[in-house]
Amino acid sequence: MTALLASLTVPGSAQDAAEPTRVLSPKAAQRLMTNKGLTLQWIDWNTRGTAVVQHEGDVWTLRGAQAEAGGPGRLFLDGTITEIGADYFTFKGRIAITDTPDRGRTCDRTKTWHFAITQKRRYYRLREFEWCDDLTDYIDIHF
């Protein structure tokens with residue numbers, strides 16, 4: 001998984017000219033920093049990938065990856081966290097999904113994304129559900 005995360009850094013990525021992250025909830029920031037991994041339902045609900053949240057000064061970053069065991073499916077996240085609230089965070093960066101749920105599927109977009117905790121769940125869920133080819137992608141960051 002470390003090799004997958006290392007492959008995420010792209011010259012000119014969102015981290016290069018990032019604005020300071022607005023931390024509105026220190027408790028939520030700590031929860032995000034100590035997350036327990038990420039999942040995409042097409043890959044595996046039970047075997048989580050890695051979501052690394054770090055901060056240098058006032059800029060918080062998120063880099064994550066999940067790989068399908070014995071298969072081609074991949075999920076990547078790479079960018080900056082722009083705001084952390086009590087039950088949400090916003091993320092400006094790249095999300096890429098390849099070869100899942102079907103071989104040949106490629107979804108790759110860089111934009112501002114919204115993750116939120118709803119219904120007292122123990123994870124943040126990406127709120128843009130059908131951002132690629134009308135399939136609903138549940139990307140969750142667990143805590």
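Up top is the structure.
Throughout, residues of each chain are indexed from 1 in the direction in which the sequence is written. Per-residue local features of the predicted model are confined to residues with pLDDT of at least 70, and side-chain atom pairs are confined, for both listing and counting, to 80 or more; whole-chain, interface and lining totals are unaffected and use all residues. Based on all heavy atoms of the structure, the side-chain values leave hydrogens and waters out of the count.

1. Observations concerning the state of the cysteines
Moving on, step 1. Sulfur atoms of two cysteines make up a disulfide when they are within 2.5 Å. Following the criterion strictly, the structure yields one disulfide and no others.
Moving on, step 2. Between the sulfur atoms of C107 and its disulfide partner C132 the distance amounts to 2.0 Å. For the disulfide bridge between C107 and C132, the dihedral angle about the S-S bond is near -75°, and by the sign convention the bridge is left-handed. Residue C107 is found in strand β7 (residues 106–116), and its partner C132 is found in the loop between β8 (123–126) and β9 (139–142); the two are separated by 25 residues along the sequence. Segments assigned H or I by DSSP are reported as helices when at least four residues long, segments assigned E as strands when at least two residues long, and all are numbered from the N terminus.

2. What about the side chain of N35?
Moving on, step 1. As for its position among the elements, N35 is in the loop between α2 (26–33) and β2 (38–40).
Moving on, step 2. A relative accessible area of 14% places N35 in the buried class.
Moving on, step 3. Setting aside its immediate chain neighbours within four residues, N35 contacts A51, V53, I141, H142 and F143. Using a 1.4 Å probe on the protein chains alone, a residue whose accessible area is under 20% of its type maximum counts as buried, one over 50% counts as exposed, and one in between counts as partly exposed. Here a residue-residue contact requires only that any non-hydrogen atoms of the pair lie within 4.5 Å.

3. Looking at the packing of aromatic side chains
Moving on, step 1. Geometry of aromatic contacts follows a simple scheme: Phe, Tyr and Trp rings, the Trp one being its six-membered ring, pair when their centres are within 6.5 Å, and the pair is stacked under 30 degrees between planes, edge-to-face over 60, tilted otherwise. By the definition in use, this model includes six aromatic pairs.
Moving on, step 2. Between F91 and F115 the ring centres are 6.5 Å apart and the planes differ by 80°, which places this aromatic pair in the edge-to-face class. Remark: F115 occurs in strand β7 and F91 occurs in strand β6 (residues 88–98); sequence separation between them is 24 residues. When sorted by exposure, F91 lands in the same class as F115, which is buried.
Moving on, step 3. An aromatic cluster of at least three residues, connected via ring pairs, comprises F89, F91, F115, Y124 and F143.
Moving on, step 4. In this analysis the charged atom, NZ for Lys or CZ for Arg, is taken to sit over a ring once it is within 6 Å of the ring centre and within 35 degrees of the ring normal. Above the plane of the ring of F143 lies R31, whose end atom (NZ or CZ) is 5.0 Å from the centre.
Moving on, step 5. Stacked on the ring of W113, the Lys or Arg K111 has its end atom at 5.0 Å from the ring centre.

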